[in-house]
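The residues making up each chain are set out below.
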Amino acid sequence: MGGVDHRKGPRRRGDELNQAIFAAALEELVEVGYQRLTMERVAERARTSKASLYRRWAGRPELIMDATLNVFPAVGELPDTGELRGDLLAALRTMADALNSPLGQAVRAVLAEVTIDQAAMRRHRERFVERRNQLMLDLVRRAAARGQVRPGALTPRVAAVGPALMRDHFLTHGGPITDEVITEIVDEVLVPLLRA
């Protein structure tokens with residue numbers, strides 16, 4: 001890795017450079033883990049400069065949060081099974097897959113690091129938690145349009161329940177989050193809470 005000159009080769013900008021940095025960060029994360037991940041190694045792997053990274057992110061927690069968000073499903077990308085329970089299982093399985101991967105271990109480490117930094121915690125909420133909750137709220141809206149969800153359930157707080165239970169399980173029990181846990185969350189909590 002050492003000795004790579006990022007100035008050789010075509011110059012990347014914008015989203016192309018961001019995607020290369022995200023890929024490099026996740027590769028580095030898998031290879032060395034969050035505690036040993038450095039901005040310098042990510043820059044080398046992405047064939048860019050550390051200055052390019054620091055212009056975009058204050059440090060590794062912000063970089064890893066954004067790299068994680070980059071692979072997280074966007075609004076409209078969750079499967080539509082045609083029924084509430086199937087949609088909920090699919091959404092939580094997608095989240096569990098991410099948490100059960102090396103990304104999940106990074107998320108745990110980042111959360112531990114940002115809890116002492118209020119500004120970083122606020123950025124985490126704005127970027128990650130609100131996006132995750134928006135995904136779930138869109139799923140609930142879709143089911144409500146099919147007449148499968150009671151109208152009073154269309155709130156951000158209700159939409160946050162499933163992901164909050166998964167996060168709690170992940171942080172207190174570690175991984176992996178099994179399909180049994182996901183099914184219990186859906187059948188014992190979410191479907192009764194949301195059902196029309």
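The preceding data block contains the structure.
Residues numbered from 1 in each chain as written. Predicted model: local features only at pLDDT ≥ 70, side-chain atom pairs only at ≥ 80, totals over all residues. Heavy atoms only, no water.

### Details of empty space enclosed by the protein
So, point 1. One pass over the full model with this rule turns up 3 cavities of 30 Å³ or more.
So, point 2. As a volume, the largest cavity reaches approximately 200 Å³.
So, point 3. Among the elements of the structure, helix 5 (84-100), helix 6 (102-114), helix 7 (118-145) and helix 9 (161-173) are those that each provide at least two residues to the lining of the largest cavity.
So, point 4. Per-element tally for the lining of the largest cavity: the top contributor is helix 9, with 5 residues. (1 Å grid on protein atoms, 1.4 Å probe; cavity = no way out; pocket = protein on both sides within 12 Å on 5 of 7 lines; lining within 4 Å. Points joined across faces, edges and corners; volume = space filled by probe spheres on them. Helix = DSSP H or I, 4+ residues; strand = E, 2+ residues; numbered from the N terminus.)

### As for the nonpolar core
So, point 1. The biggest cluster of nonpolar side chains holds 32 residues, and the ones touching the most others in it are Leu-88, Leu-92, Met-166, Ile-177 and Leu-194.
So, point 2. Going through the elements one at a time, helix 5, helix 7, helix 8 (156-159), helix 9 and helix 10 (179-194) are the ones with two or more residues in this core.
So, point 3. The element that contributes the greatest number of residues to this core is helix 5, accounting for 8 residues.
So, point 4. Counting 24 residues, the second-largest nonpolar core is a separate cluster that includes Tyr-34, Ala-106, Ala-109 and Val-110. (Core = buried A, V, L, I, M, F, W, Y, C linked by side-chain atoms within 4.5 Å. Buried < 20%, exposed > 50% of the residue type's maximum accessible area, 1.4 Å probe, protein only.)

### Describing the pattern of salt bridges
So, point 1. Tallying each qualifying case throughout the model produces 12 salt bridges.
So, point 2. Note that Asp-87 is salt-bridged to Arg-146, the shortest N-O span being 2.8 Å. With Asp-87 in helix 5 and Arg-146 in the loop between helix 7 and helix 8, the pair connects residues that are 59 residues apart, well separated along the chain.
So, point 3. Looking at Asp-87, the relative accessible area reads 0%, which means it is buried.
So, point 4. Given a relative accessible area of 30%, Arg-146 falls into the partly exposed group.
So, point 5. Arg-141 is paired through a salt bridge with Asp-138; the nearest N and O atoms lie 3.0 Å apart. In this pair, Arg-141 and Asp-138 are both assigned in helix 7, 3 residues apart and thus about one turn of the helix distant. (Salt bridge = Lys/Arg side-chain N within 4 Å of Asp/Glu carboxyl O.)

### Some thoughts on the packing of helix 1 (residues 14-32) against helix 2 (residues 39-46)
So, point 1. Relative orientation of the contacting elements helix 1 and helix 2 amounts to 120 degrees, with a least axis distance of 8 Å. With respect to their mutual orientation, helix 1 and helix 2 come out oblique. For the pair helix 1 and helix 2, the crossing hand works out as right-handed. Residues Ala-20, Ile-21, Ala-24, Ala-25, Glu-27, Glu-28 and Glu-31 of helix 1 pack against Arg-41, Val-42, Arg-45 and Ala-46 of helix 2.
So, point 2. Counted by class, the contact of helix 1 with helix 2 contains 6 nonpolar, no polar and 5 charged residues. (Axes fitted to C-alpha atoms, helices over the stretch in contact; angles between N-to-C directions. Parallel < 35°, antiparallel > 145°, perpendicular 65-115°, else oblique. Left-handed = near helix turned anticlockwise from the far one by under 90°. Contact = heavy atoms within 4.5 Å. Nonpolar A, V, L, I, M, F, W, Y, C, P; charged D, E, K, R; others polar.)

### Here's the deal with the packing of helix 1 against helix 4 (residues 60-71)
So, point 1. Contact geometry of helix 1 with helix 4 gives a least axis separation of 9 Å together with a crossing angle of 105 degrees. By the angle between their directions, the pair helix 1 and helix 4 is classed as roughly perpendicular. For the pair helix 1 and helix 4, contact is made by Gln-19, Ile-21, Phe-22, Ala-25 and Leu-26 and by Leu-63, Ile-64, Asp-66, Ala-67, Asn-70 and Val-71, respectively.
So, point 2. Here the contact of helix 1 with helix 4 is composed, by residue class, of 8 nonpolar, 2 polar and 1 charged.

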